[in-house]
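Coordinate analysis (summary)
Below, each chain spelled out in residue letters.
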Amino acid sequence: MKTFIMLLHDAGFPEDISPEQIQAIIERYVAWRQKIQQNGRKVSGHKLTDGQGRVMRGASGQTRITDGPYAEAREVIGGLFILEANSYEDVVELSKDCPHLEFGSIEIREVDPT
Amino acid sequence: MADALALVDHLFRRQAGQMIATLTRMLGSRHLALAEDAVQDALLTAMQQWPFRGVPEHPEAWLFQVARNRALDRLRHGRMASDKEPAIKREIETVAAPAAAPPLKDEVPPLDDDQLGLLLLACHPSLTADARVALALKLVGGFSVGEIARAFLAQESTIAQRLVRAKRALRDDDIGFGMPEPGELPSRLDSVIDALYLMFNEGYAATSGDQLIRDDVAFEAIRLARMLAHHPATTCPRAWALLALMLLHAARFPARVDAGGTLFLLREQDRSKWNRALIAEGLHALDRSASGGAVTTHHLEAGIAACHAAASSWEATNWPQIVELYDELLALTGSPVVAVNRAVAISRVDGPLSGLAALDAIDNRAALQHYPLLPAIQAELWREAGDLGRAAACYRQAVGLARSAPEQRWLTSRLSLLV
């Protein structure tokens, strides 16, 4: 098993979203996670704080700190999952029904085990 | 974190109403909008956190905690400070979270003072009936503007405007939260009862639109009517009559439309699909409604629904009693639609030609000009009387008046049986 990181980029949720819809969305995320865990894989999730992070750049002895890394606040990463899988293809297959795809994009990176 | 924890059906909708009610009681009705915003914030926060952290062990308490904190933040930042503010903050910080929201179709309603207070506020007599229904659904029911618009077949902007105006009116008139004075209570109750009746009919009428949301609206009306009838502060015979009426009609929901959206008349419905639990609760409510001397339209309508619910078939129905109830109802309301239904009952007792004669004799028939059920019923009665030509002509007229796709399909299928 390899370890993968899924970064969930938020593109914004619909306005005037109803309590019923909010509950349905949460239930879909919970179901998606349960499905992955049923196969004996470990998943952990981490919510990131809202808004932009900071990017530090060291250039010619001076450290520059900017908000970032994204130009658009709408593109921030809302949270991340760390999970076990066999390959990128495996993660992609597992994530095809991830509800997040309705609201943004998912970036998948493998942790180098060596 | 309990990942395996499933959320109770409609938990967020229920909890939204509960939390708005509790916050509005604590903050005062002038902060209604703030309470609404704080609650929406809390729900959105859950949506952003729970997918990663899992569902908390006590979701209701979690949501209320966040909503309360958001309300406090908004009070601090909103320059709404007044002499009362510190006291409000103290109270809001110490109050316990409201109890968990019960499931939707629970037969034992919560005797919740906060929700009842919010319902009385939302259904204040100074508002129009339409505004009361929309506001009750939004505030107490946890429905969104979009959902209400879908249930009412209205534009979202229309509903949004209606809600804004209603809330402004409540604020301008400085309508307080909580139980009205005893002298004022009867008129306040009438105002709630009218609104809930309208809410139920909005959901019950299978005219068209999104059936799922309409069923939800009808069951919300039932939930609120249960609360009204059971709560010691508001219980009264007419609240029980309203509840009985709703339950006995709702019991027939499962048999009314099939998966393809085809409508079934009462006489054709598969009665084994009727919800026996709702019928039992409805009959019980009808019993309780009989404790007062006064007979309201809801008493009579519930009585008619009870006759149908008690009958094993269309033929075995106690039609003479139904005719009597319709006589009384017509005397009370003078409604031409009631007169149409009465004519159907008469046709069961005295034959189709008597029914047709009763239809012809309706006062104010011009009001029924666009009512497709009138020619549809005439068609059925002509068919029974053996005059297929007249029956077909009436069906064609009815098809032209149909208000929804299921209605049109139904009428067309009737017509195809004849010609």
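None of these values were measured; they are calculated from a predicted model. (Residues numbered from 1 in each chain as written. Chains lettered and ligands numbered in written order. Predicted model: local features only at pLDDT ≥ 70, side-chain atom pairs only at ≥ 80, totals over all residues. Heavy atoms only, no water.)

All right, on to the packing of helix 11 (residues 237-250) of chain B against helix 14 (residues 297-310) of chain B then. For any two helices packed against each other, the geometry is given by the interaxial angle and the distance between the axes. Residues and elements named next belong to chain B. Orientation of helix 11 relative to helix 14, taken along the N-to-C sense of each, is 35 degrees, at an axis distance of 8 Å. As helix 11 runs across helix 14, the sense of the crossing is left-handed. Residues Pro237, Arg238, Ala241, Leu242, Ala244, Leu245, Leu248 and His249 of helix 11 form the contact with helix 14, whose own contacting residues are His298, His299, Glu301, Ala302, Ala305, Ala306 and Ala309. Partitioned by chemical class, the residues of the contact of helix 11 with helix 14 number 10 nonpolar, 3 polar and 2 charged. (Axes fitted to C-alpha atoms, helices over the stretch in contact; angles between N-to-C directions. Helix = DSSP H or I, 4+ residues; strand = E, 2+ residues; numbered from the N terminus. Left-handed = near helix turned anticlockwise from the far one by under 90°. Contact = heavy atoms within 4.5 Å. Nonpolar A, V, L, I, M, F, W, Y, C, P; charged D, E, K, R; others polar.)

With that settled, consider the sheet that holds strand 2 (residues 43-47) of chain A. Residue and element names in this part refer to chain A. The strand order across the open sheet built from 4 strands is 2-5-1-6, with neighbouring strands paired in antiparallel fashion. Each end of this open sheet is capped by a strand with a single partner; those strands are strand 2 and strand 6 (104-110). With direction set aside, neighbouring strand axes in the sheet form an average angle of 20 degrees. With 5 bridges connecting them, strand 2 and strand 5 (residues 77-85) associate as antiparallel partners. Residue pairing across strands places Val43 opposite Leu83, the latter belonging to strand 5. Most of the contacts of helix 1 (residues 19-38) go to strand 2, to which it runs at about 150 degrees, and overall it touches strand 1 (2-10), strand 2 and strand 5. Relative to strand 6, helix 2 (residues 88-95) is tilted by about 155 degrees, and along the sheet it contacts strand 1, strand 5 and strand 6. (Pairing = 2+ DSSP bridges.)

To continue, consider the side chain of B:His299. Residues and elements named next belong to chain B. Among the secondary structure elements, His299 is positioned in helix 14. Within the local environment of His299, its side chain forms a polar contact with the side chain of Thr296, the two groups lying 2.8 Å apart. Excluding anything up to four places from it in sequence, His299 contacts Pro237, Arg238, Ala241, Leu286, Ser289 and Ala294. (Polar contact = N/O pair within 3.5 Å; in protein donor to acceptor, adjacent residues only side chain to side chain.)

This part covers the pattern of salt bridges. Tallied over the entire structure, the rule returns 24 salt bridges over all chains. Of the charged contacts, one joins A:Asp97 and A:Lys35 as a salt bridge, the two residues approaching to 2.7 Å between their closest N and O atoms. Here A:Asp97 is found in the loop between helix 2 and strand 6, whereas its partner A:Lys35 is found in helix 1, with 62 residues between them in sequence. Ionic pairing is found between B:Arg383 and B:Glu380, a salt bridge with its closest N-O pair at 3.2 Å. Here B:Glu380 and B:Arg383 lie together in helix 18 (residues 373-385), a separation of 3 residues that amounts to about one turn. Assessed through its relative accessible area of 37%, B:Arg383 is described here as partly exposed. A single salt-bridge network, built from bridges that share partners, covers A:Glu20, B:Arg13, B:Glu147 and B:Asp216. (Salt bridge = Lys/Arg side-chain N within 4 Å of Asp/Glu carboxyl O. Buried < 20%, exposed > 50% of the residue type's maximum accessible area, 1.4 Å probe, protein only.)

Another point: the packing of aromatic side chains. For the structure on display, the rule yields 8 aromatic pairs over all chains. Note on B:Trp50 and B:Trp62: the rings are 5.1 Å apart at their centroids and 75 degrees apart in plane angle, and the pair reads as edge-to-face. Here B:Trp50 is found in helix 2 (residues 32-53), whereas its partner B:Trp62 is found in helix 3 (residues 59-77), with 12 residues between them in sequence. You can call B:Trp50 buried: its relative accessible area is 2%. Pairwise contacts between aromatic rings join A:Trp32, A:Phe81 and B:Phe52 into one cluster. The aromatic ring of B:Phe143 is capped on one face by B:Arg13, whose charged end is 4.0 Å from the ring centroid. (Phe/Tyr/Trp six-rings, centres within 6.5 Å; stacked < 30°, edge-to-face > 60°. Lys NZ or Arg CZ within 6 Å of the ring centre and 35° of its normal.)

For the rest of this paragraph, the subject is helix 13 (residues 276-289) of chain B. Residues and elements named next belong to chain B. Across its 14 residues, helix 13 extends 20 Å between first and last C-alpha, which sits within 8% of the 20 Å expected from 1.5 Å per residue. Buried within helix 13 are the following residues: Leu278, Ile279, Glu281, Gly282, Ala285, Leu286 and Ser289. Take helix 13 and look down its axis: the buried residues cluster within an arc of 165 degrees, on one side only. The inward-facing, buried residues of helix 13 contact helix 10 (211-230), helix 11 and helix 14. (Expected span 1.5 Å × (residues − 1). Arc of directions from axis to C-beta.)

Another point: the nonpolar core. Judged by nonpolar contacts, the single largest core of 154 residues is most densely connected at A:Ile26, B:Phe12, B:Leu23, B:Leu119 and B:Leu196. Other than its neighbours up to four places away in sequence, B:Phe12 contacts A:Pro19, A:Ile22, A:Gln23, A:Ile26, B:Leu7, B:Leu43, B:Ala46, B:Trp50 and B:Leu63. (Core = buried A, V, L, I, M, F, W, Y, C linked by side-chain atoms within 4.5 Å.)

Note on interface size: it is often stated as the accessible area lost on association of the parts. Residue-level contacts link 25 residues of chain A with 30 residues of chain B. Roughly 2,200 Å² of surface becomes buried between chain A and chain B when both sides are summed, with 62% attributable to carbon and sulfur atoms. Counting the contacts that link chain A with chain B gives 1 salt bridge. A:Glu20 is the partner of B:Arg13 in a salt bridge, and the nearest nitrogen-oxygen pair spans 3.6 Å. Remark: the boundary between chain A and chain B carries 9 residue pairs in polar contact (both at pLDDT 80 or more). The greatest single-element share of the side of chain A that touches chain B, amounting to 12 residues, is contributed by helix 1 of chain A. Looking at the side of chain A that touches chain B, its residues break down into 11 nonpolar, 8 polar and 6 charged. (Buried area = accessible area lost by both parts, 1.4 Å probe.)

This part takes up the confidence of the model for chain A. Looking at chain A, pLDDT values average 86 and 93% of them are 70 or higher. No element of chain A has a lower mean pLDDT than strand 4 (residues 62-68) of chain A, which averages 80, and none a higher one than strand 6 of chain A, which averages 93. (pLDDT = per-residue confidence, 0-100.)

Residue and element names in this part refer to chain B. Backbone geometry at Asp174 places phi at a positive 55 degrees, although glycine is not the residue there. In this structure, Asn364 is a non-glycine residue whose phi angle is positive, near 60 degrees. Examined against the element boundaries, Asn364 turns out to sit in the loop between helix 17 (352-360) and helix 18.

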